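Each chain is listed here by its residues.
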Amino acid sequence: MKERKWKPVMILTVLFVFIAIHLTGCNNNTDSLILSGTIESTQYKVISEVAGKIIAMDKEEGTALSKGERLAIIDSIIQELVVKQKEAVVEIKQAQLEELKAGPRSEQIKQAEAGVNAAKAAVNTAKTSVENAQINYDYWVDMYNQIKLLHESNATTENDVKDAKYKMDTANQQLATTQKQVQSTQAQLQSAQSQLDLLKSGSTTQAIKAAEADLKQVKASLEQAKIILNKYNVTSPIDGTLISKNVQIGDIVNTGTSLGTVADLNDLWVSVYIPQRHIHAVTLNQEIDITTVSLPKEQIKG
């Protein structure tokens, strides 16, 4: 049996009621069956979905709340920083994608071409150094052989032979070093040429798709962080009245902590049990009279 006409301010203080059901017997005499019960309503626990410190809780018990109206605030400074960090990542990924789609700028191509030309010049210089080192080495090989023959005929000293061999070995080392330089500069030229070719060909479809997927992923992560941030503002799930308040400012709450209870006082009822011997005299939608302990002289129809 539901009653929707009672004022919420009264419901908070008057819970125990008496119900008078009028019974009509076969002799048309009317009696009243007096039953007692407690006013009930649909109640919703307001649960915290995040952990933290309560920094605002300005609603008191008995306060009427609208659906979505703020009940409490939990300190969210850490989550706010998380959101800002993810926003920065989204901006970076967005810029990278736009750069890929726009393709290389003329300045980038010119810079890459200059790098190729510099690498070619370095290769040519290294090859010239090899040629000179080869000539120097061949010269000292010949000189060493001549001095060695002269030494065999006692026309020169042992020190002259050692000195010529030392200079020949040194020239050989210089030749090996310049040959490695040629290999290194050729590798640099190949890398510079590949970079230039890549810039001229533009970004591949696969690279753009990968960047788009990456951007989509970081955007989803940002939205998730924002959803969590909103949970630090705890709101009423319904239009109702705050009938219990479980926390105060400064309290530390965990995920799942009940901050309070909100009741829908526009949907009230009283549950009573009718003795079996009177069941036959009661009908569906039958009118009843309701009185309360606190207001015994006031009758409410139900």
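Bear in mind the structure is a predicted one, so any value in this text is a computation, not a measurement.

S.K.: Kindly report on the packing of helix H3 (residues 106-152) against helix H4 (residues 158-201), identifying the contributing residues and their values.
M.R.: Contact pair H3 / H4: the axes reach a minimum separation of 7 Å and the direction vectors enclose 165°. Regarding the angle of H3 to H4, the classification is roughly antiparallel. Crossing handedness for the pair H3 and H4: left-handed. Partitioned by chemical class, the residues of the contact of H3 with H4 number 24 nonpolar, 15 polar and 9 charged.

S.K.: Explain the pairing of strand E6 (residues 70-74) to me, and be specific about the residues and the numbers.
M.R.: Buried residues dominate E6, accounting for 4 of its 5 residues. In this structure, strand E4 (residues 52-56) lies alongside E6, joined through 2 bridges in antiparallel fashion. Looking at the pairing, Ile 54 lines up with Ile 74 of E6. Sheet analysis places E6 next to strand E7 (residues 233-235), joined by 3 bridges and oriented antiparallel. Looking across to E7, one finds that Ile 73 is bridged to Asn 233.

S.K.: Tell me about the sheet that holds E6, and please be specific about residues and values.
M.R.: Spatially, the 4 strands line up as an open sheet ordered E7-E6-E4-E9, and their pairing is antiparallel. The open sheet is flanked by E7 and strand E9 (252-253), the only strands paired with a single partner.

S.K.: Hey, could you go over the nonpolar core for me, with residue numbers and the actual values?
M.R.: Core analysis: the largest hydrophobic core is formed by 16 residues, its most contacted members being Ile 54, Ile 74 and Leu 259. Looking at which element gives the most residues to this core, the answer is E6, with 3 residues. Excluding its chain neighbours within four sequence positions, the residues that come into contact with Ile 54 are Ile 73, Ile 74, Val 247, Gln 248, Ile 249, Gly 250, Asp 251, Val 253 and Leu 259.

S.K.: Give me the lowdown on the pattern of salt bridges, citing residues and values where you can.
M.R.: Evaluated as defined, the whole model comprises 10 salt bridges. Measuring nitrogen to oxygen at the nearest pair gives 3.3 Å for the salt bridge that ties Glu 60 to Lys 245. In this pair, Glu 60 is assigned in the loop between E4 and strand E5 (64-65) and Lys 245 in strand E8 (residues 240-245), connecting sequence segments 185 residues apart. A residue is classified by how much of its surface remains accessible, and Glu 60, at 47% relative accessible area, is partly exposed. Glu 212 serves as the salt-bridge partner of Lys 101, at 3.3 Å between the closest nitrogen and oxygen.

S.K.: Give me the lowdown on the packing of aromatic side chains, citing residues and values where you can.
M.R.: Aromatic ring pairs are described here by two measures, namely the spacing of the ring centres and the angle between the planes. According to the stated counting rule, one finds 1 aromatic pair in the structure shown. When the centroid spacing of 5.2 Å and the interplanar angle of 75° are considered together, the rings of Tyr 139 and Trp 140 count as edge-to-face.

S.K.: Please provide a residue-by-residue account of unusual backbone geometry, values included.
M.R.: Even without glycine at this site, Asn 154 takes up a positive phi of about 60°. Summarising the element assignment, Asn 154 is placed in the loop between H3 and H4. At Asn 285, a residue that is not glycine, the phi angle is positive and equals roughly 70°. Within the secondary structure, Asn 285 sits in the loop between strand E10 (258-270) and strand E11 (288-292).

S.K.: Describe helix H2 (residues 77-102), naming the residues involved and giving the relevant values.
M.R.: The α-helix winds at 3.6 residues per turn, so residues separated by three or four positions along the chain end up facing the same way. Its 26 residues give H2 an end-to-end C-alpha distance of 38 Å, which sits within 8% of 38 Å, the value for a rise of 1.5 Å per residue. Summarising the contacts, the buried residues of H2 are in contact with helix H5 (205-230). Two residues or fewer after H2 comes Gly 103, characterised by a positive phi angle close to 80°.

Calculation criteria
Residues numbered from 1 in each chain as written. Predicted model: local features only at pLDDT ≥ 70, side-chain atom pairs only at ≥ 80, totals over all residues. Heavy atoms only, no water. Axes fitted to C-alpha atoms, helices over the stretch in contact; angles between N-to-C directions. Helix = DSSP H or I, 4+ residues; strand = E, 2+ residues; numbered from the N terminus. Parallel < 35°, antiparallel > 145°, perpendicular 65-115°, else oblique. Left-handed = near helix turned anticlockwise from the far one by under 90°. Nonpolar A, V, L, I, M, F, W, Y, C, P; charged D, E, K, R; others polar. Buried < 20%, exposed > 50% of the residue type's maximum accessible area, 1.4 Å probe, protein only. Pairing = 2+ DSSP bridges. Core = buried A, V, L, I, M, F, W, Y, C linked by side-chain atoms within 4.5 Å. Contact = heavy atoms within 4.5 Å. Salt bridge = Lys/Arg side-chain N within 4 Å of Asp/Glu carboxyl O. Phe/Tyr/Trp six-rings, centres within 6.5 Å; stacked < 30°, edge-to-face > 60°. Expected span 1.5 Å × (residues − 1).

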